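# Observations on chain architecture
In case you want the letters, here they are:
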Amino acid sequence: STSDRFQLPGSVFPNPASEHSTLRLELASQQAIAVEVYSATGQSLLQPFRGRLDRGRHEITLDISTLPAGWYVLRLHKYLVGSDSPWRGVAASF
């Protein structure tokens with residue numbers, strides 16, 4: 001259903017970034033979300049946010065100051081209530 005959808009409207013900025021970047025997203029309903037940063041080889045490097053967000057627009061600051069210059073993938077997972085297993089995700093590179 002449309003209430004289960006979330007979108008990443010191309011809003012990881014600034015891109016490229018050196019110390020901080022911001023993820024902007026919009027949720028159609030309250031969701032349990034996890035944000036993870038992966039290396040180009042698929043290694044999980046950071047999990048800057050995990051928790052519930054209410055319906056609407058949100059900005060999450062990503063502290064990437066500990067990462068060397070390079071290409072990274074940001075993955076956003078939506079979790080089912082009471083579960084640690086992601087059931088839907090989107091990715092953006094920065």
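Please read all numbers here as calculations on a predicted model, not as lab measurements.

### Observations regarding the pattern of salt bridges
- Tallying each qualifying case throughout the model produces 2 salt bridges.
- Here Glu59 makes a salt bridge to Arg24, at a shortest N to O gap of 2.8 Å. Of this pair, Glu59 sits in strand β6 (residues 56–63) while Arg24 sits in strand β3 (residues 20–27), placing them 35 residues apart in sequence.
- Notably, a salt bridge pairs Glu26 with Arg57, separated by 3.4 Å at the nearest N-O pair. Within this pair, whereas Glu26 is found in strand β3, its partner Arg57 is found in strand β6, the two being separated by 31 residues in sequence.
- The exposure class of Arg57 is exposed, given its relative accessible area of 69%.

### Brief notes about the environment of Ser65
- Structurally, the position occupied by Ser65 is in the loop between β6 and β7 (72–79).
- C-alpha of Ser65 to C-alpha of Glu19: the two residues are 46 residues apart in sequence and 4.0 Å apart in space.
- Residues within four places of Ser65 in sequence aside, it is in contact with Ser18 and Glu19.
- Side chain to side chain, Ser65 and Asp63 meet in a polar contact 2.7 Å long.

### Remarks on the packing of aromatic side chains
- This structure, assessed with the given rule, holds 0 aromatic pairs.
- A cation over an aromatic ring shows up here: Arg75 above the ring of Tyr38, its NZ or CZ 5.6 Å from the ring centre.

### Regarding the pairing of β3
- Two elements, strand β2 (residues 12–13) and β3, share 2 bridges in a ladder whose sense is antiparallel. Considered in β3, the bridge of Val12 is made with Leu23.
- Between β2 and the antiparallel strand that follows it, β3, lie 6 residues.
- Inspection of the sheet shows β3 paired to β6 by 8 bridges, in the antiparallel sense. Each residue of the ladder has a partner; that of Leu27, found in β6, is Gly56.

### Side note on the environment of Trp71
- Relative to the helices and strands, Trp71 resides in the loop between β6 and β7.
- For the pair Trp71 and Ala40, spaced 31 residues apart in the sequence, the C-alpha separation amounts to 6.1 Å.

What counts, and at which threshold
Residues numbered from 1 in each chain as written. Predicted model: local features only at pLDDT ≥ 70, side-chain atom pairs only at ≥ 80, totals over all residues. Heavy atoms only, no water. Salt bridge = Lys/Arg side-chain N within 4 Å of Asp/Glu carboxyl O. Helix = DSSP H or I, 4+ residues; strand = E, 2+ residues; numbered from the N terminus. Buried < 20%, exposed > 50% of the residue type's maximum accessible area, 1.4 Å probe, protein only. Contact = heavy atoms within 4.5 Å. Polar contact = N/O pair within 3.5 Å; in protein donor to acceptor, adjacent residues only side chain to side chain. Phe/Tyr/Trp six-rings, centres within 6.5 Å; stacked < 30°, edge-to-face > 60°. Lys NZ or Arg CZ within 6 Å of the ring centre and 35° of its normal. Pairing = 2+ DSSP bridges.

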